[in-house]
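Listed below, chain by chain, are the residues.
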Amino acid sequence: MRAASLAGAGLVALYTLTISAADGITKFIAGGYAAPQLFALSSAMVLMLSFAASRSARSVGAGGLRTCAPRAMALRAALTVLACIGFFQAFRLLPFADVFLFIGLMPVIAGLMSGPTLGEPLRASAYGALALGLVGIWCLMPGGMSSVQAGHGWALMAAVTGTGSMLCARYIGRFERNALAQVFYPNLAILVVMGTALPFVWRAMPAADFAWVAAYAVCLFAARWLVTVALRLLPAYVATPLMNLQFVWMVVIGYAAFGEVPGAGTVTGVTLVVASGLWLVLDDALPARARGLRA
């Protein structure tokens, strides 16, 4: 169990790097294009990558794109689409800080939902780690939230549905080890939904921008595969605080690319977020007997 927990933590760390790279590309290119164009093109590319990977998987006797949990997969796909729409609307209507505050609440949402949906209730020590992570998130957002508006509703919807999608991935991982299927079907749902709006928003795209979209798709494919495997190894309430390592990449990218020197609140927040994730990982990796002696 300890090895699985540490492996899952490493995969989540890689996920935060690849998804941060995808977010960076989105910020660079999305200003000139509507969301359905970016989502539809990138989803189509992810599907092609999934097909290519599935052919390689079948060549060594793996399951390709088959799933043994079609209902849970359909629910995961629907929740993924809702989360994409919600986060896009939230980023459009709110400052980044407000949206990231809701992202920071996802570990708490996962902790509350894991017990009734997956039978994985929080241990007493996990409450302390989650509280530490929330303090860290608040330090990262010293301005707090502005007055409630429609964007906050979109952000809350995105956080809940995004967490629900991760819980579905955890549930599906109990029955199958085919991570490719969990990448393929949610992206197929995104392509179908966004494709309906594509004729109304399409703009001609030069080769350079198309290359950026392709790079985004590769990062997205890698990120979704990594998080699917990680959620098979880690409980959702452990994995989601680790995903807040994205804040660390934000600080690093801001300093390296834009010369932004983080303030004391940012440094404190990042430290607490990382400590929260490590606390949960080490607690999950600790043998059951040791947990019992400690309690």
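What you see is a predicted model, and the numbers here were worked out from it, not measured in a lab.

Chemist: Looking at this structure, I do not really get the overall build of the protein chain. What am I missing?
Modeler: If you tally the helices and strands in the protein chain, you get 13 helices and 0 strands. A buried classification covers 49% of the 295 residues belonging to the protein chain. Across the protein chain, the fraction of contacts at a sequence separation of at least 24, relative to all contacts at a separation of at least 6, is 89%. Of the accessible surface of the protein chain, which amounts to about 13800 Å², a share of 72% is contributed by carbon and sulfur atoms.

Chemist: Could you clarify how one ought to interpret the side chain of Gln-182 in this entry?
Modeler: Within the secondary structure layout, Gln-182 lies in helix H8 (residues 179-201). Under the relative-accessibility criterion, Gln-182 is labelled buried at 3%. A distance of 3.4 Å separates a polar side-chain atom of Gln-182 from the backbone oxygen of Ala-169.

Chemist: Looking at this structure, how should I read a nonpolar patch on the surface?
Modeler: Together, Leu-6, Leu-278 and Leu-282 line one region of the surface with nonpolar side chains, adding up to about 300 Å² of accessible area. Tracing the chain through its elements places Leu-278 in helix H12 (residues 264-285). Under the relative-accessibility criterion, Leu-278 is labelled partly exposed at 48%.

Chemist: Quick question: what am I supposed to make of the confidence of the model for the protein chain here?
Modeler: Detailed reading of the predicted coordinates is not advisable wherever pLDDT falls low. Averaged over the protein chain, the pLDDT score is 79; the fraction of residues at 70 or greater is 83%. Looking over the protein chain, one finds the lowest element-wise mean pLDDT in helix H13 (residues 288-294), namely 43, and the highest in H8, namely 90.

Chemist: What is the right way to look at the side chain of Ser-43 in this model?
Modeler: With respect to the element layout, Ser-43 can be found in helix H2 (residues 35-59). Residue class for Ser-43 comes out buried when judged on its relative accessible area of 2%. Setting aside anything within four residues of it in sequence, one finds Ser-43 in contact with Asn-187, Ile-190 and Leu-191.

Chemist: Hey, could you run me through helix H5 (residues 106-118) in this one?
Modeler: In an α-helix there are 3.6 residues to a turn, and that puts residues three or four apart on one side. Within H5, the axis deviates most sharply at Leu-112, by approximately 30°, and proline Pro-116 lies no more than four positions further along. Taken together, the buried positions of H5 are Met-106, Pro-107, Ile-109, Ala-110, Gly-111, Ser-114 and Leu-118. Two residues or fewer past H5, Gly-119 is found with a positive phi of approximately 70°.

Chemist: Where do I start with the nonpolar core in this structure?
Modeler: One recurring pattern in soluble globular proteins is that nonpolar side chains are buried together. In this structure, Val-12, Tyr-15, Val-213, Tyr-216, Leu-231, Met-243 and Leu-280 are the most contacted members of the largest nonpolar core, which totals 70 residues. The contact partners of Leu-280, leaving out residues within four places of it in the chain, are Ala-126, Ala-129, Leu-130, Tyr-237, Val-238 and Pro-241.

Chemist: Is there a simple way to think about the packing of aromatic side chains in this case?
Modeler: Aromatic rings in a pair are described by how distant their centres are and how their planes are angled relative to each other. Counted by the stated rule, this structure contains 3 aromatic pairs. The interplanar angle of 70° and the centroid separation of 5.3 Å between the aromatic rings of Phe-51 and Phe-184 together place this pair among those described as edge-to-face. Of this pair, Phe-51 sits in helix H2 while Phe-184 sits in helix H8, placing them 133 residues apart in sequence. Judged by relative accessible area, Phe-51 falls into the partly exposed class, the value being 45%. Plain terms: the ring middles of Phe-184 and Tyr-185 are 4.9 Å apart, the flat faces sit at 90° to each other, and that makes the pair edge-to-face. Judged by relative accessible area, Phe-184 falls into the buried class, the value being 8%. When its relative accessible area of 26% is taken as the criterion, Tyr-185 is described as partly exposed.

Reading the values: rules and limits
- Residues numbered from 1 in each chain as written.
- Predicted model: local features only at pLDDT ≥ 70, side-chain atom pairs only at ≥ 80, totals over all residues.
- Heavy atoms only, no water.
- Helix = DSSP H or I, 4+ residues; strand = E, 2+ residues; numbered from the N terminus.
- Buried < 20%, exposed > 50% of the residue type's maximum accessible area, 1.4 Å probe, protein only.
- Contact = heavy atoms within 4.5 Å.
- Areas by Shrake-Rupley, 256 points an atom, 1.4 Å probe, with all protein chains shown as cover.
- Polar contact = N/O pair within 3.5 Å; in protein donor to acceptor, adjacent residues only side chain to side chain.
- Patch = residues over 30% accessible without salt bridge, like charges linked within 9 Å, V, L, I, M, F, W, Y side chains within 5 Å.
- Salt bridge = Lys/Arg side-chain N within 4 Å of Asp/Glu carboxyl O.
- pLDDT = per-residue confidence, 0-100.
- Bend = angle between axes of the 7 residues up to and from the residue.
- Core = buried A, V, L, I, M, F, W, Y, C linked by side-chain atoms within 4.5 Å.
- Phe/Tyr/Trp six-rings, centres within 6.5 Å; stacked < 30°, edge-to-face > 60°.

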